[in-house]
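# Examining the three-dimensional arrangement
If you want the building blocks of each chain, they are given just below.
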Amino acid sequence: MRACKTRKSTMIERVEFDADTQTLCVSFTGTGRYYYYDVPAQIFEGMCAAKSAGVFFNQKVKGQFRCQRDPARRRFGPAA
């Protein structure tokens, strides 16, 4: 898995990419990690090189690929 830390992004902390499964993992500062599936490697490379990872994400990733919140993420709070 390849990874990059985004440049001065207030929205995105880190981006990882698994070339074998074409899975992009985006770690957001406030909401945690999300996985995007069937993403071409060029999207990962573009996001790492972008002046604004948030703008790049909104233009090229958001709404374009199947997405899932990190299944390992646990929610804390009062029991229902």
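Please refer to the structure placed before this passage.
To keep things clear, this report deals only with the structure shown in the data block. (Residues numbered from 1 in each chain as written. Predicted model: local features only at pLDDT ≥ 70, side-chain atom pairs only at ≥ 80, totals over all residues. Heavy atoms only, no water.)

## So, the nonpolar core
Counting 19 residues, the largest nonpolar core has Ile-12, Leu-24, Tyr-36 and Met-47 as its most contacted members. Going through the elements one at a time, β2 (12–18), β3 (23–28), β4 (32–37), α1 (41–49) and α2 (53–60) are the ones with two or more residues in this core. (Core = buried A, V, L, I, M, F, W, Y, C linked by side-chain atoms within 4.5 Å. Buried < 20%, exposed > 50% of the residue type's maximum accessible area, 1.4 Å probe, protein only. Helix = DSSP H or I, 4+ residues; strand = E, 2+ residues; numbered from the N terminus.)

## Quick look at the state of the cysteines
The tally for this structure, following the rule as stated, stands at one disulfide. A sulfur-sulfur separation of 2.0 Å characterises the disulfide bridge that pairs Cys-4 with Cys-48. Its S-S torsion of about -90° marks the bond between Cys-4 and Cys-48 as left-handed, since a negative value means left-handed. Note that Cys-4 is positioned in strand β1 (residues 2–5) and Cys-48 in helix α1, a separation of 44 residues in sequence. Relative accessible area serves as the criterion here: at 14%, Cys-4 is assigned to the buried category. Here Cys-25 is not cross-linked by a disulfide; its sulfur's nearest cysteine counterpart is in Cys-67, at 10 Å. Of the residues examined, Cys-67 reaches a relative accessible area of 38% and is grouped as partly exposed. (Disulfide = S-S within 2.5 Å.)

## Concerning unusual backbone geometry
The backbone phi angle of Gln-22 is positive, close to 55°, even though this residue is not glycine. Inspection of the secondary structure assignment puts Gln-22 in the loop between β2 and β3. Residues other than glycine seldom take positive phi values, yet Asp-38 does so here, at roughly 60°. As for its position among the elements, Asp-38 is in the loop between β4 and α1.

## Observations concerning the packing of α1 against α2
The contact between α1 and α2 brings their axes to 8 Å, and the two run at 150°. One way to sum up the angle between α1 and α2 is to call them roughly antiparallel. Read as a crossing pair, α1 and α2 show a hand that is right-handed. On the side of α1, the interface is formed by Ile-43, Gly-46 and Met-47, while α2 contributes Ala-53, Phe-56, Phe-57 and Lys-60. Tallied by class, the residues present in the contact of α1 with α2 amount to five nonpolar, one polar and one charged. (Axes fitted to C-alpha atoms, helices over the stretch in contact; angles between N-to-C directions. Parallel < 35°, antiparallel > 145°, perpendicular 65-115°, else oblique. Left-handed = near helix turned anticlockwise from the far one by under 90°. Contact = heavy atoms within 4.5 Å. Nonpolar A, V, L, I, M, F, W, Y, C, P; charged D, E, K, R; others polar.)

## Focus: the pairing of β4
The sheet contact formed by β3 and β4 spans six bridges and is antiparallel. Note that in β4 the partner of Ser-27 across the bridge is Arg-33. Taking the residues that link successive antiparallel strands as the turn, the β3-β4 hairpin has three residues. Here three bridges tie β4 to strand β5 (residues 67–69), and the two strands are oriented antiparallel to one another. Bridge pairing in β5 places Tyr-34 opposite Arg-69. (Pairing = 2+ DSSP bridges.)

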